[in-house]
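# Coordinate inspection notes
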Amino acid sequence: MIVRVTRRRRKKRIVILGGGFGGVYAAIHLEKLMARQSAVEICLVSRDNFFLFTPMLHEIAASDLEITNIVNPLRKLLRKVDVLVGDVNQIDLRNKQVLISRGHRKPLQKFDYDHLVIALGSTTNFYDLPGLAELAVPMKSLRDAIQLRGQILRYLEEANSEGDPAERQSSLTFVVAGGGFAGVETVAALNDFVREALRFYPNLCEDMLRIILVHSGPAILPELGESLGRYTEKVLARRGVEVRLKTRVKSVTEGKVFLTDGVSIPSRTLVWTAGTVPSPIISSLPCAKERGRLLVNQFLGVPDWPNVWAVGDCAFVPDIRNPGKSHPPTAQHAIREGKVVAQNIAAVLSGRPLKLFSFRTIGLLASIGRRMGVARILGFNSSGFFAWWMWRTVYLSKLPGLDKKVRVAFDWTLDLLFPKDVCAVHDLDQRRDFRWPDHAGNTSGNNGDHEIGSAQLNWRECPGGIDVDRDNALERFLL
């Protein structure tokens, strides 16, 4: 069943698909530009009802920040924009319609549009490698960071009471694939977190740990140049991180990670940051594409499709300063693209000339753990404490919301004074089938068996009330 959502009478509708940097900043600027335009309505479609500040995602995984401090409610950021939480199922460019799914129990909704901004971002690319999609932990979403943190702590708990040295070694070996910004910042934060957490586990010591970074190139952080990449490699090695260059992950099983150079690493944790691909919706569109991304012109418009625009990771934005090249899919570019596309939509509605998109990267920064960083600002390299301070200062200033800035600054201050939190709290995949027994001790439909997701709980009477099998799903539920 499909429900058509009618627009308000005589109003132009601007629909923005995607709640990342490009989509949210396009909505923010459109809201300002259209503040006095009563004949225009703006709709933002996002999978989540919050905006995630991804540059700080690794700090969630490493217990440096509280979970909600790097997310902002979209309805708080966008007071005059209609926020629709759901998934984009289909884009019909010919009929100027978008099909939205808002839950498996609700009918699909069809939206008409006058202007469409496609900012669907990218998803993790597992390259069809055996076992990767099922077993690896990506670092793209808040849920990924929460899952990684919970998994690390769960394996520390298991290793602390494990009698088999081989099993303990696989639990204490953590592999991160990808030597770009996400991979390096994740492995650095993970290394600091695990080593600091060991003080709470009396049966474990640092000699038992293995933290490994796998990168296919000759040097990590290639975006920053070879010198800063080599510097980062030395800092990580000095802190106990093994850096394996010129090799890739070939496959993964529940207990091992296999590399293309023939090495097999006994590990139960693989963090995957080695590839992304544009949203699957993009491939279905009848538009010109370049490297899987929507090809746009210098005004961020999609050629041959009037009033259709694209920004962010899903768009191939030409660099007019360097013909034949494109702007990189980074947050600082997506923010500027969102602003320009908002200005161009406003220009079309008012009959004014369009604005060219041109932006030169201001700088690149990376945190490499323990108050150390690397940076290239306006062509100048920096490393050490000053680069780390710049990283925190710049990203704190970019974090939306004064309340979030204060909370993050407060968390960072507490991190200087107190040890990291080692509570193993992680997300649950499913809770739809969770049922409690009634007062008579019976259950609805399963003879005393209760499901949590796909796991079974066997309840039985005992003197103290209800007992639960030790090795069943309830432990996983509580952890």
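Residues numbered from 1 in each chain as written. Predicted model: local features only at pLDDT ≥ 70, side-chain atom pairs only at ≥ 80, totals over all residues. Heavy atoms only, no water.

### Focus on the overall build of the protein chain
Regarding its fold elements, the protein chain presents 13 helices and 30 strands. Each of the 479 residues in the protein chain was classed as buried or not, and the buried ones make up 50%. For the protein chain, restricting intrachain contacts to residue pairs at least 6 apart in sequence, the fraction spanning at least 24 positions comes to 64%. Within the structure as shown, the protein chain displays about 23800 Å² of accessible surface, and the carbon and sulfur contribution to it stands at 51%. (Helix = DSSP H or I, 4+ residues; strand = E, 2+ residues; numbered from the N terminus. Buried < 20%, exposed > 50% of the residue type's maximum accessible area, 1.4 Å probe, protein only. Contact = heavy atoms within 4.5 Å. Areas by Shrake-Rupley, 256 points an atom, 1.4 Å probe, with all protein chains shown as cover.)

### Comments concerning the sheet that holds strand β16 (residues 249-252)
One open sheet accounts for three strands, arranged β16-β17-β18; its pairing is antiparallel. A single partner strand is all that each edge strand has here, and the edge strands are β16 and β18 (264-266). On average, each strand axis in the sheet is tilted by 20 degrees relative to the strand beside it, whichever way the strands run. Bridge count between strand β17 (residues 256-259) and β18: three bridges; the pairing is antiparallel. The residue bridging valine 257 from the neighbouring strand is isoleucine 265, located in β18. (Pairing = 2+ DSSP bridges. Axes fitted to C-alpha atoms, helices over the stretch in contact; angles between N-to-C directions.)

### Considering the confidence of the model for the protein chain
Predicted coordinates in regions of low pLDDT should not be interpreted in detail. This prediction gives the protein chain a mean pLDDT of 88; 86% of its residues lie at or above 70. Note that residues 427-479 has pLDDT below 50 and, in this model, 70 contacts with residues that lie over four places away or in other chains. (pLDDT = per-residue confidence, 0-100.)

### Regarding the nonpolar core
Nonpolar side chains in soluble globular proteins tend to end up buried together. If you look at the biggest cluster of nonpolar residues, it comprises 123 residues, and the most contacted ones within it are Ile91, Leu116, Ile118 and Leu156. Looking at this core element by element, the count peaks at nine residues for helix α7 (residues 181-197). By size, the runner-up hydrophobic cluster in this structure holds 14 residues, among which are Val175, Ala177, Val214 and Trp272. (Core = buried A, V, L, I, M, F, W, Y, C linked by side-chain atoms within 4.5 Å.)

### Digging into the pattern of salt bridges
Inspection of every chain in the model, using the stated rule, returns 13 salt bridges. A salt bridge links lysine 76 to aspartate 403, with the nearest nitrogen and oxygen atoms 2.8 Å apart. Taken together, the residues lysine 76 in helix α3 (residues 74-77) and aspartate 403 in helix α12 (residues 402-417) connect sequence positions 327 residues apart. Of the charged contacts in the structure, one is a salt bridge between arginine 370 and aspartate 192, with a shortest N-O distance of 3.5 Å. Taken together, the positions of arginine 370 in the loop between β25 (363-367) and β26 (373-377) and aspartate 192 in helix α7 put the pair 178 residues apart, joining distant regions of the chain. Assessed through its relative accessible area of 45%, arginine 370 is described here as partly exposed. A network of salt bridges, in which partner residues are shared, links Asp64, Asp415 and Lys420. (Salt bridge = Lys/Arg side-chain N within 4 Å of Asp/Glu carboxyl O.)

### Focus: the side chain of aspartate 415
Tracing the backbone shows aspartate 415 in helix α12. Polar contacts involving the side chain of aspartate 415 include one to the side chain of lysine 420, which spans 3.5 Å. The contact partners of aspartate 415, leaving out residues within four places of it in the chain, are Asp64, Arg371 and Lys420. (Polar contact = N/O pair within 3.5 Å; in protein donor to acceptor, adjacent residues only side chain to side chain.)

### Quick word on the pairing of strand β3 (residues 40-46)
When you tally the buried positions in β3, you get seven out of seven residues, the bulk of the element. Of the two faces of β3, the one lined by Val40, Ile42, Leu44 and Ser46 and the one lined by Glu41, Cys43 and Val45 are each fully buried. For strand β2 (residues 12-17) and β3, the ladder comprises six bridges, and the chain directions are parallel. By the bridge assignment for β3, isoleucine 14 is matched with isoleucine 42. Handedness of the crossover is the feature at issue here: the chain leaves β2, passes through helix α1 (residues 21-33), returns alongside β3, and the resulting connection is right-handed. With four bridges connecting them, β3 and strand β6 (residues 82-85) associate as parallel partners. Considered in β6, the bridge of cysteine 43 is made with aspartate 82. (Right-handed = clockwise from strand over helix to strand, strands pointing away.)

### With respect to the packing of aromatic side chains
For the structure shown, the criterion picks out nine aromatic pairs. With centroids separated by 5.0 Å and ring planes inclined at 85 degrees, the aromatic side chains of phenylalanine 21 and phenylalanine 51 adopt a geometry described as edge-to-face. Pair noted here: phenylalanine 21 is in helix α1 and phenylalanine 51 is in strand β4 (residues 50-52), with a separation of 30 residues, a long-range link. Judged by its relative accessible area of 10%, phenylalanine 21 is buried. Given a relative accessible area of 1%, phenylalanine 51 falls into the buried group. Ring centres 6.4 Å apart and planes at 70 degrees place the aromatic pair tyrosine 127 and tryptophan 272 in the edge-to-face group. With tyrosine 127 in the loop between β11 (122-124) and α4 (132-135) and tryptophan 272 in strand β19 (residues 269-272), this pair connects stretches of sequence that are 145 residues apart. Residue tyrosine 127 is classed as partly exposed on the basis of its relative accessible area of 46%. Put simply, the rings of Phe21, Tyr25, Phe51, Phe53, Trp391 and Tyr395 pair up and form one aromatic cluster. (Phe/Tyr/Trp six-rings, centres within 6.5 Å; stacked < 30°, edge-to-face > 60°.)

### Re the environment of arginine 392
Within the element layout of this structure, arginine 392 appears in helix α11 (residues 385-398). As for arginine 392 and leucine 365, which are separated by 27 residues in sequence, their C-alpha atoms are 9.5 Å apart.

### Details of the environment of glycine 131
Following the sequence through the fold, glycine 131 ends up in the loop between β11 and α4. Separated by 126 residues in sequence, glycine 131 and valine 257 place their C-alpha atoms 9.6 Å apart. When neighbours within four sequence positions are excluded, glycine 131 is seen to be in contact with Ala136 and Val252.

### A short note on the packing of α1 against helix α10 (residues 331-350)
A pair of packed helices is captured by two measures, namely the crossing angle of their axes and the spacing between those axes. Put simply, α1 and α10 touch, their axes get as near as 7 Å, and they point 35 degrees apart. When the axes of α1 and α10 are compared, the crossing they make is right-handed. In this structure, α1 uses Phe21, Gly22, Tyr25, Ala26, His29, Leu30 and Leu33 to contact α10, whose residues at the interface are Ala331, Ala334, Ile335, Gly338, Lys339, Val341, Ala342, Gln343, Ile345 and Ala346. Of the residues contributing to the contact of α1 with α10, the split by class is twelve nonpolar, four polar and one charged. (Left-handed = near helix turned anticlockwise from the far one by under 90°. Nonpolar A, V, L, I, M, F, W, Y, C, P; charged D, E, K, R; others polar.)

### Considering α1
In this model α1 runs 18 Å from its N-terminal to its C-terminal C-alpha over 13 residues, within 8% of the 18 Å that 1.5 Å per residue would give. α1 sits mainly inside the fold: eleven of its 13 residues count as buried. For α1, the full list of buried residues reads Phe21, Gly22, Gly23, Val24, Tyr25, Ala26, Ala27, Ile28, His29, Leu30 and Glu31. Buried residues belonging to α1 abut β2, β3, β4, α3, α10 and α11. (Expected span 1.5 Å × (residues − 1).)

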